[in-house]
Amino acid sequence: MTPDDDGVSNEQLAAQAQQGGRAGFETLVKRHRAHLYRLARRHVGQSDDAYDVVQDTFIAAWEALPRYDPGRPFLPWLRTIMLNKCRDFGRRQTVRRWLLRTYATEPSLAPTPDPASEAEDENSEAREAIRLERLDRAISALPASYKEPLLLTTVAGLTQEAVAAQLHTTTKAIEMRLRRARQQLAKVLAELDGEG
């Protein structure tokens, strides 16, 4: 419940927003969008998808604001919404992959590729640094139980104790998940380096 540079805490802004103060919520969005984007980018692996997740997070937060308790820290509440939106995104991607496999086995159902869209995709991939793209792929390939503690400690800069509280588990469990995440990440990166 510490105030930001302008002397107003997140919790005070959330309370203002609950009373109909859109300016309070807009300030919260400005304060936290970059932080949430960094987390979402690593979680979902693509920048456009991460923007969508962050936008969905703020929409869900606005809708859930009447249920927010200003006596509790705002940022962990917001991060929880963002993690749920990342999980929702992951579930949708699983369904999409299944549908694409189905289309691939039934050529008459397959969508016709758009050449302009394919060229645009190739250009955007070429602009990204290869190592960062591989790292994103490796992180997004991790299971959520490993990915979330890794992102919350490395990208968000939270302590293991804070991550344990955020994810409703023990510090020892977070320590174990981080160790396993790093092991799997090293393995996936080695495999990806072998591809290129």
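First things first, this report covers the structure right here in the doc. Predicted, not measured: the structure shown is a model, and the values here were computed from it.

### Let's talk about the overall build of the protein chain
And step 1. Regarding its fold elements, the protein chain presents nine helices and zero strands.
And step 2. Along the protein chain, helices and strands appear, N-terminal first, in the series α-α-α-α-α-α-α-α-α.
And step 3. A sequence separation of at least 24 residues applies to 64% of the contacts in the protein chain between residues at least 6 apart.
And step 4. By element, 51% of the accessible surface of the protein chain is carried by carbon and sulfur atoms, the whole surface being about 11,900 Å².

### Description of the environment of Ile139
And step 1. Summarising the element assignment, Ile139 is placed in helix H6 (residues 130-141).
And step 2. Between the C-alpha atoms of Ile139 and Ala186, which are 47 residues apart in sequence, the distance is 10.0 Å.

### A closer look at unusual backbone geometry
One can expect most non-glycine residues to show negative phi and most peptide bonds to be in trans.
And step 1. Although it is not a glycine, His168 sits at a positive phi angle of roughly 55°.
And step 2. With respect to the element layout, His168 can be found in the loop between helix H8 (160-166) and helix H9 (171-195).
And step 3. In this structure His168 comes out as exposed when scored by relative accessible area, which is 72%.

### Thoughts on the packing of aromatic side chains
And step 1. Throughout the structure, instances matching the rule amount to six aromatic pairs.
And step 2. Ring geometry for Tyr37 and Tyr51: centres 4.6 Å apart, planes at 25°, overall stacked. With a gap of 14 residues between them, Tyr37 in helix H2 (residues 22-44) and Tyr51 in helix H3 (residues 47-64) connect regions that are remote in the sequence.
And step 3. Pairing Phe74 with Trp77 gives two aromatic rings, centres 5.5 Å apart and planes at 45°, and the pair type is tilted. Here Trp77 and Phe74 lie together in helix H4 (residues 74-105), a separation of three residues that amounts to about one turn.
And step 4. Taken together, the ring pairs in this structure connect Phe25, Phe58 and Trp62 into an aromatic cluster.
And step 5. We note Arg22 situated over the ring of Trp62; from NZ or CZ to the ring centre the distance is 5.1 Å.

The rules behind each value
Residues numbered from 1 in each chain as written. Predicted model: local features only at pLDDT ≥ 70, side-chain atom pairs only at ≥ 80, totals over all residues. Heavy atoms only, no water. Helix = DSSP H or I, 4+ residues; strand = E, 2+ residues; numbered from the N terminus. Contact = heavy atoms within 4.5 Å. Areas by Shrake-Rupley, 256 points an atom, 1.4 Å probe, with all protein chains shown as cover. Buried < 20%, exposed > 50% of the residue type's maximum accessible area, 1.4 Å probe, protein only. Phe/Tyr/Trp six-rings, centres within 6.5 Å; stacked < 30°, edge-to-face > 60°. Lys NZ or Arg CZ within 6 Å of the ring centre and 35° of its normal.

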